[in-house]
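Breakdown of the fold
Here is what each chain is made of, one letter per residue.
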Amino acid sequence: MSAPLLRTRGLTVDYRVGRGRLRAVDHVDLDLHQGETLAVIGESGSGKSTIASALLRLVPVAAGSVEFDGLDWASLRGAALRRERHRMQFVPQDAGSSLDPRWRVRESVAEPLAVAGTSARQARDRAAAMLDRVGLEGPLQERFPHQLSGGQRQRVAIARALISKPRLVICDEAVSALDVSLQAEIVNLLVELRAERDLTYVFITHDIALLPYVADRVAVLYLGQVVESGPARDVLVDPQHPYTQGLLSSLPGAHPGGGAERPVRGEIPDPANPPTGCRFHPRCPVAVDGCPQVEPAVVPVSPAHSAACHLLEPRSATADPAVPLPSSLLRKARS
Ligand SMILES: Nc1ncnc2c1ncn2[C@@H]1O[C@H](COP(=O)(O)OP(=O)(O)OP(=O)(O)O)[C@@H](O)[C@H]1O
Ligand SMILES: [Mg+2]
């Protein structure tokens, strides 16, 4: 297989909070191939948007590497970064807040081109064509953001992201604020545009019901760490991590792990003070001795599917011999 379009290794982001530090993203490895959509899921506060901000180079990368489109992306600085930024674009949850309220939406869509030196007339024509393509035609293009509906504003945000011909588009809860029928329209539009323009997406969502429609791969984030990742079908049909099983149990008709619905209980802990060992252990329905002490390794379940849970580790790979072993417990975990 060709090299991934995006590859992160050990991607780590820290925020300063008061006198301390909060590690919002902790050694995240992601691989994303051209033309694929990687969905990043996890509860609020798990670090999804921080990954987006780090990829978009809006927050500093504390450690790790990001290779993107053949570039050592995390190392780009200054003029070099400005020159290459167009390769990765962003669609936010609330386009209303990212569009200039004083500009007609066609001007907002044309702006990145004008900044890049395209003539005003060409920028205007291309913005008009782009807006046509996302379903905002004629007089709607002359409106101000507040004169459009939420769904129409998301279309503008998509047009603005795509106008500079990016390779990768990061959608952060891009349809979450819309009602269900509009969500489907915008998701369908994104899927069409992906094929049409050879795009690759990182699709951040807390709405797992969307996954079957958009995702080729899924990465499940818990307190800044990827606890499971793999092809969407594998993760959705046969989730391995108790956290993923809990998240997916709210999918209509799904009872991952074969048992009854078992939603994740409790609240996500404070990332400034994460639990020891396996970070999920205080909430885990199948935690065993050793989980609070030993951080689980990422274990391959199949060539492309992996998860970090002691119940998946072969005995030899378990750091602490006191951690009891899987097969029987694994059955318990899945019953
Ligand atoms: N600018 C910041 N300064 C300090 N802490 C931050 C900052 N931005 C985010 N955080 C913290 O980092 C952690 C991860 O936040 P992030 O916004 O990435 O989560 P998320 O998964 O996108 O959540 P949501 O689903 O609510 O959007 C949270 O604990 C959050 O409070
Ligand atoms: Mg977020």
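Residues numbered from 1 in each chain as written. Chains lettered and ligands numbered in written order. Predicted model: local features only at pLDDT ≥ 70, side-chain atom pairs only at ≥ 80, totals over all residues. Heavy atoms only, no water.

Per an unreviewed UniProt entry, the chain goes by the name Glutathione import ATP-binding protein GsiA and belongs to Pseudonocardia halophobica. Its UniProt record gives the chain a comment under Catalytic activity (unreviewed entry), which states: "glutathione(out) + ATP + H2O = glutathione(in) + ADP + phosphate + H(+)". Per UniProt, the chain carries the Sequence similarities (unreviewed entry) text "Belongs to the ABC transporter superfamily. Glutathione importer (TC 3.A.1.5.11) family." (UniProt positions renumbered as here; feature names shortened; annotations may be inferred.)

1. Points about the sheet that holds strand E4 (residues 63–68)
Spatially, four strands are ordered E2-E1-E4-E5 in an open sheet, and the strand pairing comes out antiparallel. Every interior strand has two partners, whereas the edge strands, strand E2 (20–32) and strand E5 (71–72), have only one. Of the strand pairs in this sheet, strand E1 (residues 6–17) and E4 are connected by five bridges, and their pairing is antiparallel. In the strand pairing of E4, Arg9 is matched with Ser65. Here helix H1 (residues 48–55) sits on the sheet and contacts E1, E2 and E4; the angle it forms with E1, its principal contact strand, is near 110°. (Pairing = 2+ DSSP bridges. Helix = DSSP H or I, 4+ residues; strand = E, 2+ residues; numbered from the N terminus. Contact = heavy atoms within 4.5 Å. Axes fitted to C-alpha atoms, helices over the stretch in contact; angles between N-to-C directions.)

2. Looking at the site of ligand 1
Close to ligand 1 lie 13 residues, the nearest being Ser44, Gly45, Lys48, Ser49 and Thr50. At 2.8 Å, a backbone N or O of Gly45 approaches an oxygen atom of ligand 1. Interatomic distance of 3.2 Å between a backbone N/O atom of Ser46 and an oxygen atom of ligand 1. Among the elements that take part in the shell around ligand 1, H1 stands out by supplying three residues, more than any other. For the shell around ligand 1, the class distribution of residues is five nonpolar, six polar and two charged. (Near = heavy atom within 4 Å. Polar contact = N/O pair within 3.5 Å; in protein donor to acceptor, adjacent residues only side chain to side chain. Nonpolar A, V, L, I, M, F, W, Y, C, P; charged D, E, K, R; others polar.)

3. Focus: the domain arrangement of the chain
Here the chain is partitioned into domain 1 (6–214) and domain 2 (263–334). Averaged C-alpha coordinates put domain 1 and domain 2 at centres separated by 33 Å. Counting from both sides, the interface comprises eight residues of domain 1 and, opposite them, five residues of domain 2. When domain 1 packs against domain 2, close to 510 Å² is buried across both sides, 48% of that on carbon and sulfur atoms. The three residues of domain 1 that bury the most area against domain 2 are Leu22, Asp26 and Glu43, which together make up 60% of that side's buried surface. Joining domain 1 to domain 2, the criterion identifies two salt bridges. At the junction of domain 1 and domain 2, the tally comes to two residue pairs in polar contact (both at pLDDT 80 or more). Broken down by class, the residue content of the side of domain 1 that touches domain 2 amounts to one nonpolar, three polar and four charged. (Domains from an automatic or database assignment. Buried area = accessible area lost by both parts, 1.4 Å probe. Salt bridge = Lys/Arg side-chain N within 4 Å of Asp/Glu carboxyl O.)

4. Some points on the sheet that holds strand E11 (residues 299–302)
Sheet architecture is open: eight strands sit in the order E6-E7-E8-E3-E9-E10-E12-E11, paired in mixed fashion. Two strands in the sheet have a free side with no partner beyond their single neighbour: strand E6 (88–91) and E11. Adjacent strand axes in the sheet meet at a mean angle of 20°, parallel and antiparallel pairs treated alike. Packing against the sheet, H1 makes contact with strand E3 (37–41), E6, strand E7 (168–172), strand E8 (200–204) and strand E9 (217–222), and its axis sits at approximately 150° to E7.

5. Focus on the pattern of salt bridges
Under the counting rule described, the total for this entry stands at 19 salt bridges. For Asp69, the salt bridge goes to Arg167, with nearest N and O atoms at 3.0 Å. Here Arg167 lies in the loop between helix H6 (150–162) and E7 and Asp69 lies in the loop between E4 and E5, a separation of 98 residues in the sequence. The exposure class assigned to Arg167 is partly exposed, which follows from its relative accessible area of 31%. Among the salt bridges present, the one from Glu196 reaches Arg197, with a minimum N-O distance of 3.4 Å. Owing to a relative accessible area of 44%, Glu196 belongs among the partly exposed residues under this scheme. Given the relative accessible area of 35%, Arg197 is considered partly exposed. Residues joined in a network through salt bridges with shared partners are Asp69, Arg83, Glu84, Arg87 and Arg167. (Buried < 20%, exposed > 50% of the residue type's maximum accessible area, 1.4 Å probe, protein only.)

6. Brief notes about the packing of H6 against helix H7 (residues 180–197)
Contact pair H6 / H7: the axes reach a minimum separation of 11 Å and the direction vectors enclose 15°. Our classification of the angle between H6 and H7 gives roughly parallel. In this structure, H6 meets H7 at a crossing whose hand is right-handed. Note on element contacts: H7 touches H6 through Leu182, Glu185, Ile186, Leu189, Leu190, Leu193 and Arg197, opposite Gly151, Gln154, Arg155, Ile158 and Leu162. (Parallel < 35°, antiparallel > 145°, perpendicular 65-115°, else oblique. Left-handed = near helix turned anticlockwise from the far one by under 90°.)

7. Structural notes on the side chain of Thr244
Along the chain, Thr244 turns up in helix H10 (residues 242–248). Judged by its relative accessible area of 0%, Thr244 is buried. When residues no more than four places from it in sequence are discounted, the contact partners of Thr244 are Val220, Glu228, Val235 and Pro239.

8. Quick look at the environment of Trp103
Mapped onto the secondary structure, Trp103 falls in the loop between helix H3 (95–98) and helix H4 (105–115). Along the backbone, Trp103 and Glu137 are 34 residues apart, and their C-alpha atoms lie at a distance of 17 Å. With sequence-adjacent residues up to four places away left out, Trp103 is seen in contact with Ser108, Glu111, Arg143, Phe144 and Pro145.

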